[in-house]
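Residue-level structural notes
Residue-level listing of the chains:
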Amino acid sequence: NALERLPIAPHARGEVVLDVDDPALPANTRAWRVGAREGRLHVRPESTGTGGTRLPRLTVPVDALATIVTGALAPTRAAEAGLVGDTRDAAALIEPWFTSRPAFLMPMNAF
């Protein structure tokens, strides 16, 4: 639900699998199929019977995912630094999805 509520770039398009590791909320630790269209993310659990579909896949710990979705860290830079695993150019595909203002200007940091 959290990913579906995030603002994304209106031109964002595509579909990836996010293989998330979340030690704080083990229910989130799984593969999620994430699609971007119409300015929104659409998230559902990845099923094992995909009929041979090989989507780009980003293997990501939840702390790196949080940094990426706020726009503070580019997914391609995270992959270059070894913070995330990138298969079939998933990082490059999602990079334009999370373009935003710098993280220190976000409403949650209005202190």
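Our subject in this report is the structure included herewith. For clarity, every value in this text was computed on a predicted model and none was experimentally measured. (Residues numbered from 1 in each chain as written. Predicted model: local features only at pLDDT ≥ 70, side-chain atom pairs only at ≥ 80, totals over all residues. Heavy atoms only, no water.)

Non-glycine residue Arg88 carries a positive phi angle of around 60 degrees. Along the chain, the position of Arg88 falls in the loop between β5 (85-87) and α4 (90-94). Not every positive phi belongs to a glycine, and Asp89 is a case in point at roughly 60 degrees. Within the element layout of this structure, Asp89 appears in the loop between β5 and α4. Looking at Asp89, the relative accessible area reads 55%, which means it is exposed. (Helix = DSSP H or I, 4+ residues; strand = E, 2+ residues; numbered from the N terminus. Buried < 20%, exposed > 50% of the residue type's maximum accessible area, 1.4 Å probe, protein only.)

A word on empty space enclosed by the protein. For the structure on display, the rule yields one cavity of 30 Å³ or more. By volume, the largest cavity amounts to about 40 Å³. Around the largest cavity, the lining residues are Leu3, Leu18, Val34, Leu41, Leu65, Ile94, Trp97 and Phe98. Across the lining of the largest cavity, the residue classes break down as eight nonpolar, no polar and no charged. (1 Å grid on protein atoms, 1.4 Å probe; cavity = no way out; pocket = protein on both sides within 12 Å on 5 of 7 lines; lining within 4 Å. Points joined across faces, edges and corners; volume = space filled by probe spheres on them. Nonpolar A, V, L, I, M, F, W, Y, C, P; charged D, E, K, R; others polar.)

Turning next to the packing of aromatic side chains. Within the structure shown, the criterion is met by one aromatic pair. The residue whose ring lies beneath Arg30 is Trp32, and the NZ or CZ to ring-centre distance is 5.3 Å. (Phe/Tyr/Trp six-rings, centres within 6.5 Å; stacked < 30°, edge-to-face > 60°. Lys NZ or Arg CZ within 6 Å of the ring centre and 35° of its normal.)

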